[in-house]
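Results of the structural survey
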Amino acid sequence: MVCGGFACSRNALCALNVVYMTDVISASWWVMSNKTRDELERSFDCCGLFNLTHQYQQDYALCTAICKSRSPTCQMCGEKFLKHSDEALKILGGVGLFFSFTEILGVWLAMRFRNQKDPLANPSAFL
């Protein structure tokens, strides 16, 4: 089903709450390889995903991020991922709203100027 731009962007942003985003991030974290996790921890400068399971201690022990050498505790990657995805969704929502309003403007212009006659056209010409 195809939906209008405004309705889709509004519904998509409302549907992605923190609990759903946490579930998506957790599911993808446990699927990815250790090398990918290590690269993410180094690039985001964080250790572990969420401090919800005993797996966090194992992730924290294997962490090679710079923050671990600077301070005894590092920020959890899950918090950084949630903040980063929240910012990205706000930008995407703004872009979606912009295009939905331009779509509404295009529909209005098409309805307004659809059946106007060309004043320079030859009235006796058939096509």
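Preceding this section is the structure that the text describes.
This text gives an overview of the structure that appears in the document.

Definitions and cut-offs
Residues numbered from 1 in each chain as written. Predicted model: local features only at pLDDT ≥ 70, side-chain atom pairs only at ≥ 80, totals over all residues. Heavy atoms only, no water. Phe/Tyr/Trp six-rings, centres within 6.5 Å; stacked < 30°, edge-to-face > 60°. Helix = DSSP H or I, 4+ residues; strand = E, 2+ residues; numbered from the N terminus. Buried < 20%, exposed > 50% of the residue type's maximum accessible area, 1.4 Å probe, protein only. Axes fitted to C-alpha atoms, helices over the stretch in contact; angles between N-to-C directions. Parallel < 35°, antiparallel > 145°, perpendicular 65-115°, else oblique. Left-handed = near helix turned anticlockwise from the far one by under 90°. Contact = heavy atoms within 4.5 Å.

A look at the packing of aromatic side chains
With the rule as written, the count across this model stands at two aromatic pairs. Arranged with centres 5.0 Å apart and planes meeting at 80°, the rings of Phe-44 and Phe-81 form a pair that is edge-to-face. Placement of the pair is Phe-44 in helix H3 (residues 34–44) and Phe-81 in helix H6 (residues 77–113), with a sequence separation of 37 residues. The exposure class assigned to Phe-44 is partly exposed, which follows from its relative accessible area of 26%. Judged by relative accessible area, Phe-81 falls into the buried class, the value being 12%. A centroid spacing of 5.1 Å and a plane angle of 70° characterise the contact between Phe-98 and Phe-99, whose relative ring orientation is edge-to-face. Of the two residues, Phe-98 and Phe-99, neither departs from the other in class, the shared state being exposed.

Focus on the packing of helix H2 (residues 18–31) against H6
Two numbers describe how H2 lies on H6: the axes approach to 10 Å, and their chain directions differ by 120°. Between H2 and H6, the crossing angle belongs to the class labelled oblique. In this structure, H2 meets H6 at a crossing whose hand is right-handed. Touching Val-18, Met-21, Thr-22, Ile-25 and Trp-29 of H2 are Cys-77, Phe-81, Leu-82, Ser-85, Asp-86 and Leu-89, all from H6.

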